[in-house]
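# Fold and contact review
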Amino acid sequence: MAYALDFPAIARTSAWVGPAHSGAHEALLGAVDRAMRAEDGDVLVLVPCASAVATMRAKLTQRLGDAARGVRVSTPRAEELAVLGTPVAREALGRGTHLLADFERTFFLEDMKVTGIKSRRLREMLKFFSRSITELADRDPDWLITVEERETHAFAQDVLRFMGSIHPVEVSNAAATVLEANPELRAQASAAHVFVSHYEAANRASQFFCQLIARDELGICFDPHGSVEAEDPYPYADGFDEFRAAHPNAHVQRFEDAKQNPRVARAVRHLLAQPCMRSEGIDPTAEDAGATYRSETDRAPLSADDLPIVRAGDEDGACCTRLVAAGPREEFAQAARFVAGKIASGTRPEDVFVAVPNRTWGRFITRALQQDGVPASYVGARQALRGDVRSLDASRALQFACGLALAADPNDACVWRCWCGFGDYLGASAGMHDLRVWAGDAGRSLPEALEALDAGEAPHVVGAPGIRARYRAGRALVEACKGCAGEDVLAALIKEVGLDEVPGTVRALIGAAGAADTARDLAQRLYAALHCPAFAPGAVRVGAWTAVVGQDPRIMVICGFMNGFTPPRAYFDLSQMEPAERERTWRSFVEGLYALAACTRDEIACSTFEQAPLEDAERLNLKVKRVKLVDGVRTCVLEPSLGLAALEGE
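These figures come from a predicted structure and were not determined experimentally.

### Section: the layout of surface pockets
Size it by volume and the second largest pocket reaches roughly 930 Å³. Every residue lining the second largest pocket is counted, 42 residues in all, and those nearest its centre are His21, Thr55, Lys59, Gln551 and Asp552. For the lining of the second largest pocket, the secondary-structure elements that each account for two or more residues are helix 1 (24-36), helix 2 (53-64), strand 11 (352-356) and helix 23 (579-598). Per-element accounting of the lining of the second largest pocket gives the leading share, 7 residues, to helix 2. Partitioned by chemical class, the residues of the lining of the second largest pocket number 20 nonpolar, 10 polar and 12 charged.

### Examining the side chain of Gln551
Mapped onto the fold, Gln551 is located in the loop between strand 13 (540-544) and strand 14 (555-558). By relative accessible area, which is 6% here, Gln551 ends up buried. Here Ser51 takes part through its backbone oxygen, which lies 2.8 Å from a polar atom of the side chain of Gln551. When near neighbours in sequence (up to four residues on either side) are disregarded, Gln551 contacts Ser51, Ala52, Thr55, Phe353, Phe535, Arg541 and Cys599.

### Looking at empty space enclosed by the protein
Applying the stated criterion across every chain yields a total of 1 cavity of 30 Å³ or more. Roughly 70 Å³ of volume is contained in the largest cavity. As for the largest cavity, its lining consists of Val47, Pro48, Pro76, Arg77, Val196, Ser197, His198, Tyr199, Ala201, Ala202, Glu231 and Asp232. Tallied by class, the residues present in the lining of the largest cavity amount to 7 nonpolar, 2 polar and 3 charged.

### Quick look at the sheet that holds strand 10 (residues 321-325)
The strand order across the open sheet built from 6 strands is 10-15-14-11-13-12, with neighbouring strands paired in parallel fashion. For this open sheet the edge positions go to strand 10 and strand 12 (376-379), each flanked by a neighbour on one side alone. For this sheet, the mean inter-axis angle between neighbouring strands, taken without regard to orientation, is 20°. The pairing of strand 10 with strand 15 (residues 603-609) spans 5 bridges and is classified as parallel. By the bridge assignment, Ala325 is partnered in strand 15 with Phe609. Most of the contacts of helix 13 (residues 328-344) go to strand 15, to which it runs at about 160°, and overall it touches strand 10, strand 11, strand 13, strand 14 and strand 15.

### Let's talk about the sheet that holds strand 18 (residues 633-638)
Within the open sheet, the 3 strands sit side by side as 16-18-17. Their pairing is antiparallel. Both edges of this open sheet fall to strand 16 (611-613) and strand 17 (624-630), since each of them pairs with a single strand only. Taken pair by pair, the neighbouring strands of this sheet meet at an average axis angle of 30°, ignoring direction. Pairing geometry for strand 16 and strand 18, over 3 bridges, is antiparallel. Bridging from a neighbouring strand, Ala612 pairs with Cys636 of strand 18.

### Focus: the environment of Glu457
Mapped onto the secondary structure, Glu457 falls in the loop between helix 18 (446-454) and helix 19 (464-481). Look past the residues within four positions of Glu457 in its chain and what remains in contact with it is Trp438, Arg444 and Ala452.

### A word on helix 19
Spacing of three or four residues puts side chains on the same side of an α-helix, whose turn is 3.6 residues. The first and last C-alpha atoms of helix 19 sit 26 Å apart over 18 residues, in line with the 26 Å expected at 1.5 Å per residue. Regarding helix 19, the residues found buried are Ala464, Ile467, Arg470, Tyr471, Gly474, Leu477, Val478 and Cys481. On an axial view of helix 19, the arc spanned by its buried residues comes to 145°, and they lie on one face. Looking at the buried side of helix 19, the elements it contacts are helix 15 (396-408), helix 16 (413-419), helix 17 (429-442), helix 18 and helix 20 (487-497). Two residues or fewer after helix 19 comes Gly483, characterised by a positive phi angle close to 80°.

### What about helix 13?
For helix 13, which comprises 17 residues, the first-to-last C-alpha distance of 24 Å matches the rise-based estimate of 24 Å (1.5 Å per residue) to within 8%. Inspection of helix 13 places Pro328, Glu331, Phe332, Gln334, Ala335, Ala336, Phe338 and Val339 among the buried residues, and these make up the whole buried set. Following helix 13 by one or two positions, Gly346 has its phi on the positive side, about 115°.

### Notes on unusual backbone geometry
Cis geometry is found at the peptide bond from Thr566 to Pro567, where omega equals -5°. Mapping Pro567 onto the fold places it in the loop between strand 14 and helix 23. A positive phi angle, near 65°, is found at Leu136, a position not held by glycine. Non-glycine residue Ala428 carries a positive phi angle of around 55°. Inspection of the secondary structure puts Ala428 in the loop between helix 16 and helix 17. Overall, the relative accessible area of 10% leaves Ala428 in the buried class.

### Some details on the pairing of strand 11
Side chains on a regular strand alternate between the two faces of the sheet. Buried residues dominate strand 11, accounting for 5 of its 5 residues. Because side chains alternate across strand 11, one face comprises the buried residues Val352, Val354 and Val356, and the other comprises Phe353 and Ala355, equally buried. Pairing geometry for strand 11 and strand 14, over 4 bridges, is parallel. Bridge pairing in strand 14 links Phe353 to Met556. Across 4 bridges, strand 11 lies against strand 13 in parallel orientation.

Quick notes on the rules
Residues numbered from 1 in each chain as written. Predicted model: local features only at pLDDT ≥ 70, side-chain atom pairs only at ≥ 80, totals over all residues. Heavy atoms only, no water. 1 Å grid on protein atoms, 1.4 Å probe; cavity = no way out; pocket = protein on both sides within 12 Å on 5 of 7 lines; lining within 4 Å. Points joined across faces, edges and corners; volume = space filled by probe spheres on them. Helix = DSSP H or I, 4+ residues; strand = E, 2+ residues; numbered from the N terminus. Nonpolar A, V, L, I, M, F, W, Y, C, P; charged D, E, K, R; others polar. Buried < 20%, exposed > 50% of the residue type's maximum accessible area, 1.4 Å probe, protein only. Polar contact = N/O pair within 3.5 Å; in protein donor to acceptor, adjacent residues only side chain to side chain. Contact = heavy atoms within 4.5 Å. Pairing = 2+ DSSP bridges. Axes fitted to C-alpha atoms, helices over the stretch in contact; angles between N-to-C directions. Expected span 1.5 Å × (residues − 1). Arc of directions from axis to C-beta.

Okay, here's the thing in structure tokens:
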């Protein structure tokens, strides 16, 4: 049972329950319009992720015109980080608030392995800690039961404190806790009217945070049919029930059908008819889908003109356009030609979303579109920077990013921790453990401990020569970048890290460096792009399935729609996945597919390929139907995703 929260009293609360295009989000826009006409006009609209900000701004501009400029559009994560960036929050937390990037979390995990706990058990515990923290369960003094759990959690907190960092799963919890304890800060962070789009995509702590910052009014849009993780880890599906319990007099409207092309609407209904998608109290196959259910406290009902309904089933034929290529390379070109044709016929590039199963497909599809003269922008499920931290040669891009952050702030403990761990097979975790224990007893920070180690003042540290060498290289890098600006900062980093040019991934994240840009400016731009990636304006949006949350495309192209990608290959092998896990995997898959279909207005196109060389199929982990010889090459016959049958209701 979830830990009971003390929700604030809010004078006016509303909830619009239903999928995209059902009228729920249109009702939210209407409420924003009304709030902007109020005397205070202090309106904040929260969307699920940074890539959805531009979409919401476009909707507001279409609805409000020039008045939309007065509406602040943000994300829960951005508002929470703004709170955590204040001196009050840093003092309350008692540690730094450097938000760990993906590559920095690698070093955190290496430091956790020093506990000696078996890797699988450690992963399970960290996952349990993470989910519990996002659900505010840590407020219960008895949330940890065993001694092992309590000691491991305390160890993790000690590691994060020494790194001067905050883990992504802690952000919403920490921000809500700080606001509760500091009324003045809460008043500064609040807005008179707060509206939350895709409330189901927020985790419990973020949902609570949204309520804390709503001064006079809170309105939420909630889709009961499934939640997909966008920016918040562990979205909280029970949030609407908790909202209703906390605000029994809330104005509630339910919308069950969508204003979409009949083919798309029928595909959505087929997905909702899947047994794993049946929501308690809602029958998605009911004939009266589209009716509006209203609470006793509701105001005037919407008119038919306000909520036109296009019913699924008004048109015969397939729900999806099928694009079948011979092989994967042909599929990239085929998908690009299909999108280019839509744009040539008048569709705006930003009205096309291309969903990809992995980073490789995202990269190749984006490149194919650009080669066809179509602007394209990619946002993946994970952060763009990649590398193997165990190898200096395989982590140059990561070192460059870390060096930039070091030049920006030579006192950043997290950056020093990472910098000194590159090139060591275990990330120098044993040595850092020795330093952490000594520094804790001596009352020193990580940068101070490294300085003491370099000066020979620290006691025995495992791997001290390697850590000392990396520390000295870091000091030299800081000196080389001192006083530099713009491209000169990057040139100095290139030399110190041992590269010939700025890594392409880093350049794509920070763009061109202006003459006045300091290392701090560039580092802030880099980390903002890592933590909050957004699509470029005026471009086709190529993204992971999770990146679709908050989007409003006319055309949806699902590329690489193959068994092995979606669902994963392990799903088809009972020796690799137990029945309970298979059920969870299937539900997650159908929920993701539902998110793609529900937000689409006009057309869904499913792109597949028939075969691939055995070596490629095995490397890509595709499910192989059979193997045959083609011109002397062992070639795999492949299958389209099971999701295609689910979309078509087969």
